[in-house]
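# Examining the three-dimensional arrangement
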Amino acid sequence: MVTFFSCPVLDSHGDILPINELMGNLEIILNTEVEPNQYPIGIMTTEERNKWAAIREHMILKNEQNSKSFDEIDTSLFVVCLDDVELGDDHVGVTRNFLHSDGTNRWFDKSFQLIVSKDAWAGVTFEHSWGDGVAILRFFNDIHRDSKEHQWCNSLQSKRQSVQPFKLVFDIDDIVKQAIKEGKDRYKAHTEKLVIHPFILEKYGKTECKNWKISPDSIMQLGFQIAFHRMYKYTPASYESCSTAAFKHGRTETIRPATSLTKAVSEIMSMKDWSSRKGELKTLIRKCSEKHNQLTKEAAMGEEKLKINFNHTEFVQ
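Residues numbered from 1 in each chain as written. Predicted model: local features only at pLDDT ≥ 70, side-chain atom pairs only at ≥ 80, totals over all residues. Heavy atoms only, no water.

## A word on the sheet that holds strand β2 (residues 79-82)
Spatially, three strands are ordered β2-β3-β4 in an open sheet, and the strand pairing comes out mixed. Two strands bound the open sheet, and with one partner strand each, they are β2 and β4 (122-126). The mean angle between the axes of side-by-side strands here comes to 25°, regardless of whether they run parallel or antiparallel. Pairing of β2 with strand β3 (residues 112-116), which is carried by four bridges, proceeds in the parallel orientation. Paired with L82 across the two strands is V116, which belongs to β3. (Pairing = 2+ DSSP bridges. Helix = DSSP H or I, 4+ residues; strand = E, 2+ residues; numbered from the N terminus. Axes fitted to C-alpha atoms, helices over the stretch in contact; angles between N-to-C directions.)

Here it is, written out as structure tokens:
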């Protein structure tokens, strides 16, 4: 039962609607009876870009109403996904729902989507070309803080007929129906390949790492290196994003966490008798942290050094 609505948030004067009216509009949407949608157009936003562009263009040329509905979504501030599911305490289910879901109640082209489940789990997913995780994290933290300070809205009735939500209509022909069917099958096959297994470490966290004067991020990156080495018996090139917000228009730079030090730790930790070398490991882990801090600072300031020759490219350690 996937249906898109356009929900105004500004009045005729350009002012933000009162919270009770915004809530009233959400109530209208939730209470609207809709028929099951066998062909949810949102699934097409999971498709390969050229294929989706061609289908979208076909729909726009076929019917002006399709163009208006697309425009409502394209020009909106963001998309709110009201998922009719209860996630409970299933960590894998929660992760899958916010990471990909079945794609039918999503619009992945949108700058970002706020996702709320029936039992009040909330999350966000965003399209990456316009910005980075730092901005979204700041946005979500601000929402969380504000929701703690202003928790309840008791009046849910919308008082202005002119600003109530309205349903978006899409005219879908056999070509689009077939594309949606293929998109659903492809997306399902793609997401089923993803293996998610949560591991919650309760013995220590970032507070303990800082007390030990070891970077929590370096420990996380080292954990990735060790796990990969134990599985595949080698150390791969690795990528970690670093904000370059110190620069005007700065976005991100690349940290290369894999070093000769992380390789040494990974090799020892892959040995059966690794526990007999704890003293050596302690020294190496501390050195890994120091090196990781150095690489992070250099990346943040655009100072990472790259050495190039005709045979290969390598980062100077």
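We are not done yet, so read on.
## Here we look at the nonpolar core
Ranked by size, the top nonpolar core spans 25 residues in total, and within it F4, I41, M44, M59, W107 and F170 carry the most contacts. Every element with two or more residues in this core is listed here: α2 (49-62), α3 (64-74), β2, α4 (91-99) and α6 (174-192). In terms of residues, this core owes the most to one element, α6, which gives four residues. Residues in contact with I41, not counting those within four places in the same chain, are F4, W52, M59, W107, F170, V176 and I180. (Core = buried A, V, L, I, M, F, W, Y, C linked by side-chain atoms within 4.5 Å. Buried < 20%, exposed > 50% of the residue type's maximum accessible area, 1.4 Å probe, protein only. Contact = heavy atoms within 4.5 Å.)

## Let's talk about the packing of α2 against α3
The contact between α2 and α3 brings their axes to 5 Å, and the two run at 125°. With respect to each other, α2 and α3 are oriented oblique. Seen from α2, the contacting residues are W52, R56, M59, I60 and K62; seen from α3, they are E64, N66, S67, F70 and D74. When the residues that make up the contact of α2 with α3 are grouped by side-chain class, the tally is four nonpolar, two polar and four charged. (Parallel < 35°, antiparallel > 145°, perpendicular 65-115°, else oblique. Nonpolar A, V, L, I, M, F, W, Y, C, P; charged D, E, K, R; others polar.)

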